[in-house]
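A look at the structure
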Amino acid sequence: MTSYQSQLGEGEGIAEELAESQRSISIAEFFEKNKHMLGFDSGARGLVTAVKEAVDNALDACEEASIAPDIYIEIQEVGDYYRLIVEDNGPGITKEQIPKIFGKLLYGSRFHAREQSRGQQGIGISAAVLYSQLTSGKPAKITSRTKGSETANYYELIIDTDTNEPEIDVEDTTTWERPHGTRIEMEMEANMRARSQLHDYVQHTAVVNPHARLELKEPTNHFKYERATDQLPAETEEIRPHPHGVELGTLIKMLDATDSYSVSGFMQEEFTRVGKKTSDSILDNFRDRHFGREMAWRPPQAHEDVDVARAVQQAVSNKGKDATADFADGVASVIDGREYVAHHEIGTIVDNHADRVEDEYGKTFGSTVRESAVEAAWQAVSDETESQLYGIVDEVTTKRKDDAAVQGLAERIASKFETRPEDHRQRVTYDDLTAYVEKSAADTKEYDDETFGETSREKIVDAIWSLMRTVPDDVPNVAEVAGDRDCASDLLTAMRETDIIAPPTDCLAPITDELVEEGLKKEFDADFYAASTRDAAVHGGDPFIVEAGIAYGGDIPADGKVEVMRFANRVPLVYQRGACATTDVVKSINWRNYGLDQPGGSGIPNGPGVVMVHVASTNVPFTSESKDAVANIPELESEIELAIREAARELKSFLNKRRSLQKRRKKQNKLATILPEMAEKLSEVTDREQLNIDDTMARIMNNVLVERQRENGTVKLVVENNTDTNADLEITDIVDADPGDVEEAQVVEMDGEWFVKWNPTVSGGDEATLEYSLDEDASCDVTVDGVEDEKLTINTES
Amino acid sequence: MSTDEQAREQLIDLAAEFYDQFAGGQIPRMTLPTRTKSNIEYDEDKNVWVYGDRTSSRTANSVRGAQKLLKAIYTIDFLAQQLDEDRSSTLRELYYLSESWDHEDAQFKNQDESNDLVEDLEIVSEVTREDFHMRPEESGATLMGPLFLREQTRRGERDIHCQEDVGEGGYQIPNNPDTIEFLDNDADFVLCVETGGMRDRLVENGFDTEYNVIIVHLKGQPARATRRITKRLHDELDLPVVVFTDGDPWSYRIYGSVAYGSIKSAHLSEYLATPEADYVGIRPEDIVEYDLPTDPLADSDINALESELEDPRFQTDFWEEQIELQLDIEKKAEQQALASRGLDFVTDTYLPERLTEMGVI
């Protein structure tokens, strides 16, 4: 049978042949072939993505320099191509940086920073440049003027896809009317089919950036989005990584790069939320992982034959009778005083007493003597272990197990500790300990026919582990950890095991609920707005904040589904709606509970509404590099849901109130036709005069009734509260003659009219009378505030 | 003042009450006794079942209540006019007439609504429907027997002998039997019969002449006029009244409405019910004794029997015993079942035996 190897060998040089065509690919080249990963998969989409990248950069630049952004976007038709121009009033870019920022992929200031920002990878704008040069062959034209400089720098450049380096066509200085800022001009193959996404993107950007002024000029349209606030987003602090948020590769890289020598210093220096105390806990956990723990046993009791003092005494020779006895008694009394004692603890005790006895008796206790004393004492302590393990096993296995089986298991575990000649200190890692127990349990099953279930086994392991002592050995230093992958992995596990407070949140700049509401008000003419901002939460070491806003009613189109606006770090997400965690959460909520129509009880609800969700994080988990959709992370989804529900609760009470007022209005309208008819018929049947039914109406509607009575130069306003709650009213009677001073009222004259104003509180079911004198010929007109129109009846005819 | 004038006054007084409520800024309301089984009680003085103290209100507070009141006022207007013009109309005509009322909310949605409203007005105005000149659709039932009476008709007075002057069908009871004057009679007692078949059998067998009995045909659940004339025959002519129906729960209710008054018209019990009326049969015990052909009780029959056990009108030893027996045997029988013993069995044996036992003959 011919071997595969020899077959390969026959076609001599295949590997060499293959090798000839194998070469490294530049990142620029890679993205040239994988445009879709960056959101440039079609002409329609490419244009939107290019706008998005340019605007995101512009907003980031302005905010970093604390400048209220003023951004101008223009799209021109140029023959077969479109020309995109984006201008900002940011701080400008220095001459040296321009080519790199626009002409090199993966160049940026943000990739390594743990701070909330729109851009993160340094791909966006250069990818747009790459896309424009690939489709139109034209270079990108960049103008930038830094603050204070007389002239602006002008570049025309393309990206060399082989080397991922900028290739400068034109380099010049020019004049520009903006005092500072950046302008980029790109030509690309594109179309305007994605116009609505473009408009959505710009409008949504305006909603979450109420501090920015945006202008969009298209061949046929011109939109302006004015600023709603001068308040810039809070400046964010860059934070160091959180110990819970790093991965092994990152950790090793950090270990390689750090200046610290010790792991403790490294932890405190390079991570957020790690001080001395936290660092010590991490190191203890690291020790447990790396070295394992030492088993601790209960010292021999008085009734047992083993005697620690005698054992120690016998191990010491040539130190004189008194000194030896004193030493042995000292060590033994300390050990006897301990509940449990481990090997290294005996070492410390022996050292202490050896030092003491050396001082007192002038004898030298060398390391050999000390070691044999330790071993003798340890022998004595670890002599009888089965009964101790029996106690542990018996205690934690709640079900009544067969006594012989428990004994058998204890014996087997004990023997595992004893049969380790290579480590008489009985040092065991957690995993080894688990293996001991597993194996012992398996044997017990086989020989004693008693099963110890998974829970029992875990309990036994944990009980033993909690008795074991962390060893005092020095942990490896940074260089050692960095050089040993397993060791670094132990450190990472230790970091994750340790309870550490959540990362600080000043690295995040939420829009805040007030500004979310402002933003919605600015762009949607609705009847109702609500917003909520959650407290910061953490996912994988990155803090995040979720905000939600709801606008409802008014001019928002009522047909079709509620519009869901998604944002990540103030950037609107326009594509891949269906793949986004935000959309999933909106669909999963039972909106019927909140008064919206939701066919089938799930999915996007119907109605004239807008739901917006903003996720701010130092590292928003996206589903792909094109950053179109937020990934389905449980912690994140739960916060999104809570934020939406918070705002939706307000929506519910608004809708309920509106519905009850509608019902009331409907009832009022109906009764307003029935009752007059009734009154008219009654006058007819009884042959009596026409009836006034306003009082009856007010009573029926549980309304607040304000009735005017005029008599002999006195005006009485009778306020009757037929509701069951207090009414805090503001009643103003506007009269055209001077009423003089009026008790309990404010009188203000304006252009020959007197405004008599009361602020009475009338409790439910009560009546109040407001009285003043007025010339009988004077006319008056009353207005009442503080109660909804539907609940108010004014009767001033009589 | 004539009855018509008085009825009209009382209706207008009712309207005036609503008027005053409006004028005083009150919410117009109409208070009625609650018309349910649980709110009827025995009036010891009058020996009939009347409404208890529980009341419910119709107010203009709700759209429904306001519509009801509007309808009531329109109906009052209509009835007052009808009385004024000495016309009369049927309940069904009232329902159709409302279609012509200009306000849509005043129109009746169905005839039950207009029937109920007329009953409401009877209660609050204390005027009977007959005095409003309202009559039911179907003609009243018939009677046959040795009775001579005078009826006020629109074409003048008619003197009629209810055996000699009538055909096989008997004398047609007018809608308002109070227009009748009893002139003379040879009757010994009054026998109310539920079904037409049994009535015809009794007449064919000459039971009315043989035993001097006035046979009143109830035609199922008896109309008011039938109940009224039965009461008058008892009260004015001092004749014992017995009721002969099928042996099922629905027929016991027919007896109940003759003897105790119906729940819906408990306000008129005093005027319509004949508390002294006795029950002939078919009794559940007859089913057992005569081994009659039977039908099994349906679920609805059982429910009806159980509900009768809770009905205050049926809480007597006799009825409790009979109903429990029926629930036990789970059978019911029609009057005609007696024909299984021969066509003459009912007239020759069953009725004479039972009536003797009851002390009627």
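Conventions and cut-offs
- Residues numbered from 1 in each chain as written.
- Chains lettered and ligands numbered in written order.
- Predicted model: local features only at pLDDT ≥ 70, side-chain atom pairs only at ≥ 80, totals over all residues.
- Heavy atoms only, no water.
- Helix = DSSP H or I, 4+ residues; strand = E, 2+ residues; numbered from the N terminus.
- Buried < 20%, exposed > 50% of the residue type's maximum accessible area, 1.4 Å probe, protein only.
- Contact = heavy atoms within 4.5 Å.
- Areas by Shrake-Rupley, 256 points an atom, 1.4 Å probe, with all protein chains shown as cover.
- Polar contact = N/O pair within 3.5 Å; in protein donor to acceptor, adjacent residues only side chain to side chain.
- Phe/Tyr/Trp six-rings, centres within 6.5 Å; stacked < 30°, edge-to-face > 60°.
- Pairing = 2+ DSSP bridges.
- Axes fitted to C-alpha atoms, helices over the stretch in contact; angles between N-to-C directions.
- Buried area = accessible area lost by both parts, 1.4 Å probe.
- Salt bridge = Lys/Arg side-chain N within 4 Å of Asp/Glu carboxyl O.
- Nonpolar A, V, L, I, M, F, W, Y, C, P; charged D, E, K, R; others polar.
- Expected span 1.5 Å × (residues − 1).
- Core = buried A, V, L, I, M, F, W, Y, C linked by side-chain atoms within 4.5 Å.
- Parallel < 35°, antiparallel > 145°, perpendicular 65-115°, else oblique.
- Left-handed = near helix turned anticlockwise from the far one by under 90°.

**Some thoughts on the overall build of chain A**
Helices and strands together make up the secondary structure of chain A, namely 24 helices and 29 strands. Looking at chain A residue by residue over its 798 residues, the buried ones come to 52%.

**Concerning the overall build of chain B**
Within chain B, the secondary structure is distributed over 13 helices and 17 strands. The burial tally for chain B puts 55% of its 361 residues in the buried class. Excluding contacts between residues fewer than 6 apart, the proportion of contacts in chain B whose partners are at least 24 apart in sequence is 72%. Accessible surface, chain B: about 15900 Å² in total, of which carbon and sulfur atoms supply 41%.

**Some thoughts on the side chain of Glu 294 of chain A**
Residues and elements named next belong to chain A. The topology assignment puts Glu 294 in strand 9 (residues 293-294). Taking relative accessible area as the criterion, Glu 294 reaches 1% and is therefore assigned buried. Here the side chain of Glu 294 touches His 344 through a polar contact of 2.7 Å, landing on its backbone nitrogen. Here Arg 427 takes part through its side chain, which lies 3.1 Å from a polar atom of the side chain of Glu 294. Ignoring anything within four residues of it in the chain, the contact list for Glu 294 reads Ala 342, His 343, His 344, Arg 425, Gln 426, Arg 427, Met 468, Arg 469 and Val 471.

**Concerning the packing of aromatic side chains**
Counting across every chain of the model gives 26 aromatic pairs over all chains. Ring centres of Trp 758 of chain A and Tyr 772 of chain A lie 5.6 Å apart, and the angle between their planes is 45°; on these two criteria the pair is classed as tilted. With a gap of 14 residues between them, Trp 758 of chain A in strand 25 (residues 753-758) and Tyr 772 of chain A in strand 27 (residues 767-773) connect regions that are remote in the sequence. When sorted by exposure, Trp 758 of chain A lands in the same class as Tyr 772 of chain A, which is buried. The interplanar angle of 75° and the centroid separation of 5.6 Å between the aromatic rings of Tyr 290 of chain B and Phe 345 of chain B together place this pair among those described as edge-to-face. Note that Tyr 290 of chain B is positioned in the loop between helix 10 (284-289) and strand 16 (295-296) and Phe 345 of chain B in helix 13 (residues 345-358), a separation of 55 residues in sequence.

**Observations concerning the sheet that holds strand 8 (residues 147-153) of chain B**
Residues and elements named next belong to chain B. In spatial order, the strands read 9-8-11; together these three strands make up an open sheet with antiparallel pairing. If you trace the sheet from one side to the other, it starts and ends with strand 9 (156-161) and strand 11 (180-185), each paired once. Shown here is a sheet whose adjacent strand axes are inclined to one another by a mean of 20°, direction ignored. Direction of pairing for strand 8 relative to strand 9: antiparallel, over a ladder of six bridges. Within strand 9, the residue paired with Gln 152 across the bridge is Glu 157.

**Considering the interface of chain A and chain B**
Contact residues are listed per partner, giving 25 residues for chain A and 29 residues for chain B. Approximately 2300 Å² of surface area, both sides summed, lies buried where chain A meets chain B, with 70% of it carried by carbon and sulfur atoms. Of all residues in chain A, Met 678, Leu 682 and Val 685 of chain A bury the most surface against chain B, accounting for 24% of the area lost on that side. At the boundary of chain A with chain B, the tally comes to three salt bridges. A salt bridge links Asp 77 of chain B to Lys 681 of chain A, with the shortest nitrogen-to-oxygen separation between them at 3.0 Å. On the surface where chain A and chain B come into contact, there are six residue pairs in polar contact (both at pLDDT 80 or more). Those elements giving two or more residues to the side of chain A that touches chain B turn out to be helix 23 (634-686) and helix 24 (694-700) of chain A. The dominant element in the side of chain A that touches chain B, judged by the number of residues it contributes, is helix 23 of chain A, at 15 residues. Considered class by class, the residues forming the side of chain A that touches chain B number ten nonpolar, six polar and nine charged.

**Section: helix 18 (residues 454-467) of chain A**
Taking 1.5 Å as the rise per residue, helix 18 of chain A with 14 residues should run 20 Å; its terminal C-alpha atoms sit 20 Å apart, in good agreement. Those residues of helix 18 of chain A not exposed but buried are Ser 456, Arg 457, Ile 460, Val 461, Ala 463, Ile 464, Trp 465 and Leu 467 of chain A.

**Here we look at the pattern of salt bridges**
Side chains that differ in charge, positive against negative, can pair when their charged atoms come close. Residues and elements named next belong to chain B. Taken as a whole and assessed by the stated rule, the structure comprises 59 salt bridges over all chains. In this structure, the salt-bridge partner of Arg 224 is Glu 122, at a minimum N-O distance of 2.5 Å. Taken as a pair, Arg 224 in helix 7 (residues 224-237) and Glu 122 in helix 4 (residues 111-125) lie far apart in primary sequence, 102 residues in all. Like Arg 224, the residue Glu 122 is buried in the burial classification.

**Points about the nonpolar core**
If you look at the biggest cluster of nonpolar residues, it comprises 64 residues, and the most contacted ones within it are Leu 143, Leu 191, Ile 214, Phe 244, Tyr 350 and Leu 351 of chain B. Each residue touching Leu 143 of chain B, except ones within four places of it in the same chain, is listed here: Cys 162, Gly 170, Tyr 171, Ile 173, Ile 214, Ile 215, Val 216 and Ile 229 of chain B. Ranked by size, the runner-up nonpolar core spans 55 residues in total, among them Phe 327, Ala 332, Tyr 390 and Phe 452 of chain A.

**With respect to the sheet that holds strand 8 (residues 222-225) of chain A**
Residue and element names in this part refer to chain A. One open sheet accounts for eight strands, arranged 5-4-3-6-2-1-7-8; its pairing is mixed. Two strands close off the open sheet at either side, each with one partner strand: strand 5 (165-174) and strand 8. Put simply, the sheet's adjacent strands are angled 15° from each other on average, direction ignored. As judged from the seven bridges shared by strand 2 (residues 81-88) and strand 6 (residues 181-188), these two strands associate in the antiparallel manner. When the bridges of strand 6 are listed, Asp 88 appears paired with Thr 182.

**Focus: the side chain of Arg 412 of chain A**
Residue and element names in this part refer to chain A. Considering the arrangement of structural elements, one finds Arg 412 in helix 16 (residues 403-418). On the accessibility criterion, Arg 412 (17% relative accessible area) is buried. Among the polar contacts made by the side chain of Arg 412, one reaches the side chain of Thr 444 at a distance of 3.1 Å. Residues in contact with Arg 412, not counting those within four places in the same chain, are Ser 440, Asp 443, Thr 444, Tyr 447 and Asp 448.

**Looking at helix 14 (residues 367-381) of chain A**
All names here are of chain A. Over its 15 residues, helix 14 extends 21 Å from the first C-alpha to the last, a length consistent with the 21 Å expected when each residue adds 1.5 Å. Turning to helix 14, its buried residues number three or more, namely Val 369, Arg 370, Ala 373, Val 374, Ala 376, Ala 377, Trp 378, Ala 380 and Val 381. Where helix 14 is buried, its residues meet strand 10 (296-297), helix 11 (308-315), helix 12 (321-337), strand 11 (341-342) and helix 13 (343-361).

**Looking at unusual backbone geometry**
Look at the link from Gly 281 of chain B to Ile 282 of chain B: it is a cis peptide, with omega at 0°. For Ile 282 of chain B, the location among the structural elements is in the loop between strand 15 (278-281) and helix 10. Residue Asn 569 of chain A is not a glycine yet carries a positive backbone phi of 45°. With respect to the secondary-structure elements, Asn 569 of chain A resides in the loop between strand 17 (563-568) and strand 18 (571-573). With relative accessibility at 4%, the residue Asn 569 of chain A sits in the buried group. The phi dihedral of Asn 712 of chain A is positive, around 45°, even though this residue is not glycine. Assignment of secondary structure puts Asn 712 of chain A in the loop between strand 20 (704-711) and strand 21 (714-721).

**What about the pairing of strand 13 (residues 213-217) of chain B?**
Residues and elements named next belong to chain B. With five of five residues buried, strand 13 lies mostly within the body of the structure. Across the two faces of strand 13 the burial is the same, with Val 213, Ile 215 and His 217 and Ile 214 and Val 216 all buried. Bridging between strand 7 (residues 142-144) and strand 13 involves two bridges; their strand directions are antiparallel. Directly across from Met 144, in strand 13, lies its bridge partner Ile 215. Bridge count for strand 12 (residues 189-193) against strand 13 is five bridges, and the pairing is parallel. Considered in strand 13, the bridge of Val 190 is made with Ile 214.

**Some points on the packing of helix 15 (residues 386-396) of chain A against helix 18 of chain A**
Residue and element names in this part refer to chain A. Running from N to C, helix 15 and helix 18 point in directions that differ by 130°, and their axes come no closer than 9 Å. Classified by the angle their axes make, helix 15 and helix 18 are oblique. Relative to helix 18, the crossing made by helix 15 is right-handed. Along its contact with helix 15, which presents Leu 389, Ile 392, Val 393 and Val 396, the element helix 18 presents Lys 459, Ile 460, Ala 463, Ile 464 and Leu 467.

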